[in-house]
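Descriptive analysis of the structure
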Amino acid sequence: MSKVSKNSNGELVVPDILTIPFIEGDGVGSEITDICKKIIDAAVGKVYSDKRKIEWLEIYAGEKGNTVKGSYLPDETLAILKEYLIGVKGPLTTAVGGGMRSLNVALRQELDLYSCVRPVKWYEGVASPLKEPHKVDMTIFRENTEDIYAGIEWNEGTDEAKKFYNFIKNDMGVKSVRFPETSSFGVKPVSVEGSSRLMRSAIDYAINKKLSKVTIVHKGNIMKFTEGGFRKWSYEVAEKEFSNETFTINNYNKIAKDQGIEFADKQLQEAKDKGKIIIDDCIADAFLQNSLLKPENYSVIATLNLNGDYISDQLAAMVGGIGIAPGANINYDTGHAIFEATHGTAPDIAGKNIANPLSMLLSLDMMMEYIGWIEVSNIIKISIEKAFANRCSTNDLARFMEDGQALSTSDFGNYLIKIIKDWGN
Ligand code: NAD
């Protein structure tokens, strides 16, 4: 079996015959994963003939993991994902309140997949609540390992919650808990390393894709040391490590203060003329509004875990909803990456063969880009554009298209395969 590895220069080495482990997923998982593998196989075959090929290796998690291996997250699954560096994951069920740990969060933590990358782009023909959806072209870099998602919290009424409250009251002098007896408590760790590596990957991405701007989105006005720290350390990464490639608004403000606005404006214009990436920041609530009103002002977004969660769903809704929003969780240092549909298991439509496979397909498309098989990625995108131009999709999107034709999951997948096979003939 041949797998992706990293060489001593930190570059990915990708064999032509490549084994990719995949977790089918619960609910609609089996429906979308199966057809998406076939679409990718068709695209790889079309572009590379016999020169390159993917061999899919099924690994188990979630309900199927429990049925086949007796565990929702078998050790073997983690071991294979660690060994093969990259993998694919369908949606997995998460129990609400106590009990089972989120499998998605567990996978991200185990593999230290610190960047959750979500490109958000509108496809012509897809209904959008925006007047000018073509102006939306952003990629979210959401920090994936820290923040309130670290899972450090204690329920109200427990000894732990009382102990924690006594500690912050007696040892730390905290007096501002309004109802201490009935409060649950959570801890929000945000570190220099965690913030810096996320920002580094966002800037690297902007450099590789020749994008003009990275915006740090935060609530530093309220949470000064956590969200404010994220803002400060993110600017520091740009200024210390990417001074040739970037110009920060932080720096602009310093220049404006010392040498006047006119001079600072000149410096900013010069940086833009040289093609430098502009690094600015925006308070999270303002960002949610601004990105709706002026989406063209944003390109790459670097943000913490909780903000990133909200932002991802809003931006996805702006371009057609979660059925079409792709995502990947990546550790750019080790190379580990999991490409996954961003929606859940969709229990209301599972088993009906109507789920939209595009969130999963576009995630696999990100994987093709990640491993450098760009031609495959291009043909996948072209096939989707062509299907939409012909008003074909699954029902979730087709019902909002003029004269839209709603196909089943498998028929839509086969339709894309036909477009790929006929391409250039
Ligand atoms: P969901 O994303 O499963 O469904 C929300 C709505 O979107 C539903 O109406 C559903 O039918 C629709 N939808 C989702 N995917 C679709 C697709 N591909 N095509 C068409 N419509 C689609 O969210 P939920 O109902 O809140 O969660 C269900 C389960 O999934 C929960 O157990 C939750 O924890 C889990 N979940 C998993 C992931 C993941 O594995 N990454 C993400 C979110 C939720």
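That block above? That's the structure.
Heads up: these notes are all about the structure in this document.

Procedures and definitions
Residues numbered from 1 in each chain as written. Predicted model: local features only at pLDDT ≥ 70, side-chain atom pairs only at ≥ 80, totals over all residues. Heavy atoms only, no water. Helix = DSSP H or I, 4+ residues; strand = E, 2+ residues; numbered from the N terminus. Expected span 1.5 Å × (residues − 1). Contact = heavy atoms within 4.5 Å. Buried < 20%, exposed > 50% of the residue type's maximum accessible area, 1.4 Å probe, protein only. Near = heavy atom within 4 Å. Polar contact = N/O pair within 3.5 Å; in protein donor to acceptor, adjacent residues only side chain to side chain. Areas by Shrake-Rupley, 256 points an atom, 1.4 Å probe, with all protein chains shown as cover. Pairing = 2+ DSSP bridges. Axes fitted to C-alpha atoms, helices over the stretch in contact; angles between N-to-C directions.

Along an α-helix, a turn takes 3.6 residues, which lines up residues three or four apart on a common side. Given a rise of 1.5 Å per residue, 14 residues ought to cover 20 Å, and the 20 Å separating the end C-alpha atoms of helix H11 (residues 305-318) matches this to within 8%. The secondary structure elements touched by the buried residues of H11 are strand E6 (115-121), strand E7 (137-143), strand E10 (213-218), helix H7 (227-241), helix H10 (284-293) and strand E13 (300-303). At the exit of H11 stands Gly 320, carrying a positive phi of roughly 125 degrees.

Moving on, we come to H7. Look at H7: 21 Å from first C-alpha to last across 15 residues, which is about the 21 Å you get at 1.5 Å a residue. Of all the residues in H7, the buried ones are Glu 227, Gly 228, Gly 229, Phe 230, Trp 233, Ser 234, Tyr 235, Val 237 and Ala 238.

Our focus in this paragraph is the site of the ligand. Neighbouring the ligand are 19 residues, the closest being Leu 92, Gly 344, Ala 346, Asp 348 and Asn 356. Residue Lys 89 places a side-chain N or O atom 3.4 Å away from an oxygen atom belonging to the ligand. With respect to the ligand, the side chain of Asn 104 contributes an N or O atom lying 3.0 Å from an oxygen atom. In isolation the ligand has 820 Å² of accessible area, and contact with the protein removes 67% of it.

Looking now at the pairing of strand E12 (residues 277-283). In terms of burial, E12 is a largely internal element, five of the seven residues being buried. Pairing of E10 with E12, which is carried by six bridges, proceeds in the parallel orientation. For His 218, the partnering residue across the bridge sits in E12 and is Ile 283. The pairing of strand E11 (residues 246-248) with E12 spans three bridges and is classified as parallel. Following the sheet pairing, Thr 246 is matched in E12 by Ile 277.

Once that is clear, we can look at the sheet that holds E13. Spatially, the 11 strands line up as an open sheet ordered E4-E3-E5-E15-E14-E6-E7-E13-E10-E12-E11, and their pairing is mixed. Strands at the two margins of the open sheet, each flanked by one partner only, are strand E4 (53-59) and E11. Strand-to-strand twist in this sheet, taken as the mean axis angle between neighbours without regard to direction, amounts to 25 degrees. Each of strand E3 (17-23), E4, strand E5 (86-89), E6, strand E14 (326-330) and strand E15 (337-341) touches helix H12 (residues 358-370); the most contacted strand, E15, lies at about 155 degrees to it.

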